[in-house]
Structures are given as structure tokens and as C-alpha cells.
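Examining the three-dimensional arrangement
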Amino acid sequence: MGISISHGVPSTRSALTIANLGQHLAHTLTSSEWRELRHLFDGRLYTPVVTPPDEAARIGALLTKAARSRSMNPEWGQLALLLGEAANRAAQARQNCVWD
């Protein structure tokens, strides 16, 4: 099953891909930062997930931080950056970011 993500993420991503990214995020972010994102990346994602603009901004910031970390695998970092940019676009437009 593919998960589509609003605000400019081309094509869908599998739940397994999202969960695998979560493993990288858990090792890149601090534990408190990871707890803020865990509901999206822990492998138990139930769609749809509707994230309000303020929360989307925080998720975007954390994904961007993780993507730019030296400890993040570059390929996984590209996906984190793509998802972070989508969350940031939703926040800037004052729209919900939707994972469906």
C-alpha cells in the first residue's frame, strides 16, 4: 500500500519505506525530537494523518535538521528532506499536511 503525502511529494511511498526512514531518524535526532515524529515513522502509521500547519512546521524543521545531519545516510536524507519540504510548504500555506 502506498502512502501519498500532500504538498508536492511526487508518487507514493510504501509504509515499509516510511518505517525504514524512521529508523534512520531515530538514530539522527535527539530522543525528544524523535518522540515528536515517532507517530509518523514507527511502522504503525494509520492513514489518513492530518497534521495542522503549526505541527507541520515543526515536523518540517526536524526532518530538515535530520536530513542535513552528517550522521544521516545521504539517500535517506534526501527522502527526509523531501518530506520536510512538503511539511514546510503546508505550514507556509497555513494548510494541513495530509498523509493518505
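See above for the structure.
Residues numbered from 1 in each chain as written. Predicted model: local features only at pLDDT ≥ 70, side-chain atom pairs only at ≥ 80, totals over all residues. Heavy atoms only, no water.

So, on to the nonpolar core. The biggest cluster of nonpolar side chains holds 29 residues, and the ones touching the most others in it are Ile 5, Leu 25, Leu 37, Phe 41, Leu 63, Leu 83 and Trp 99. Per element, the largest residue contribution to this core is 7 residues, and it comes from helix 4 (residues 74-92). Contacts of Leu 25, omitting those with residues within four sequence positions, involve Trp 34, Leu 37, Phe 41, Leu 63, Ala 66, Met 72 and Ala 80. (Core = buried A, V, L, I, M, F, W, Y, C linked by side-chain atoms within 4.5 Å. Buried < 20%, exposed > 50% of the residue type's maximum accessible area, 1.4 Å probe, protein only. Helix = DSSP H or I, 4+ residues; strand = E, 2+ residues; numbered from the N terminus. Contact = heavy atoms within 4.5 Å.)

Along the chain, Thr 47 connects to Pro 48 via a cis peptide bond; the corresponding omega equals 0°. Note on placement: Pro 48 falls in the loop between helix 2 (31-41) and strand 3 (49-51). Positive phi outside glycine occurs at His 7, with the angle close to 65°. When its relative accessible area of 22% is taken as the criterion, His 7 is described as partly exposed.

So, on to the packing of aromatic side chains. Overall, the coordinates contain 1 aromatic pair when judged by the stated rule. On the basis of an interplanar angle of 85° and a centroid distance of 5.6 Å, the ring pair of Phe 41 and Trp 99 is categorised as edge-to-face. With Phe 41 in helix 2 and Trp 99 in strand 4 (residues 97-99), this residue pair connects regions lying 58 residues apart in the sequence. Exposure class is identical for Phe 41 and Trp 99. Each is buried. (Phe/Tyr/Trp six-rings, centres within 6.5 Å; stacked < 30°, edge-to-face > 60°.)

What follows deals with the packing of helix 1 (residues 15-28) against helix 2. Working note: a packed helix pair is described by the angle between its axes plus the distance between those axes. Their axes nearest at 9 Å, the elements helix 1 and helix 2 cross at an angle of 165°. As the angle between them shows, helix 1 and helix 2 are arranged roughly antiparallel. The way helix 1 lies across helix 2 gives a crossing that is left-handed. Contacts between helix 1 and helix 2 involve Ile 18, Ala 19, Leu 21, Gly 22, Leu 25 and Ala 26 on the former and, on the latter, Trp 34, Leu 37, Leu 40 and Phe 41. Class assignment of the residues belonging to the contact of helix 1 with helix 2 gives a composition of 9 nonpolar, 1 polar and no charged. (Axes fitted to C-alpha atoms, helices over the stretch in contact; angles between N-to-C directions. Parallel < 35°, antiparallel > 145°, perpendicular 65-115°, else oblique. Left-handed = near helix turned anticlockwise from the far one by under 90°. Nonpolar A, V, L, I, M, F, W, Y, C, P; charged D, E, K, R; others polar.)

With that settled, the discussion passes to the side chain of Thr 28. Position of Thr 28 relative to the elements: it lies in helix 1. Given the relative accessible area of 16%, Thr 28 is considered buried. Not counting residues within four places of it along the chain, the set of residues in contact with Thr 28 comprises Ala 66, Ser 69, Ser 71 and Met 72.

Attention now moves to helix 1. With 14 residues, helix 1 extends 20 Å from end C-alpha to end C-alpha; this agrees with the ideal 20 Å at 1.5 Å per step. Residues of helix 1 that are buried: Ile 18, Ala 19, Leu 21, Gly 22, Leu 25 and Thr 28. Considered in projection along helix 1, the buried side chains sweep an arc of 165° and stay on one side of the axis. Along helix 1, the residues that are exposed and aim more than 90 degrees away from the buried face are Leu 16, Gln 23 and His 27. (Expected span 1.5 Å × (residues − 1). Arc of directions from axis to C-beta.)

Function-wise, these values are silent; they only describe arrangement.
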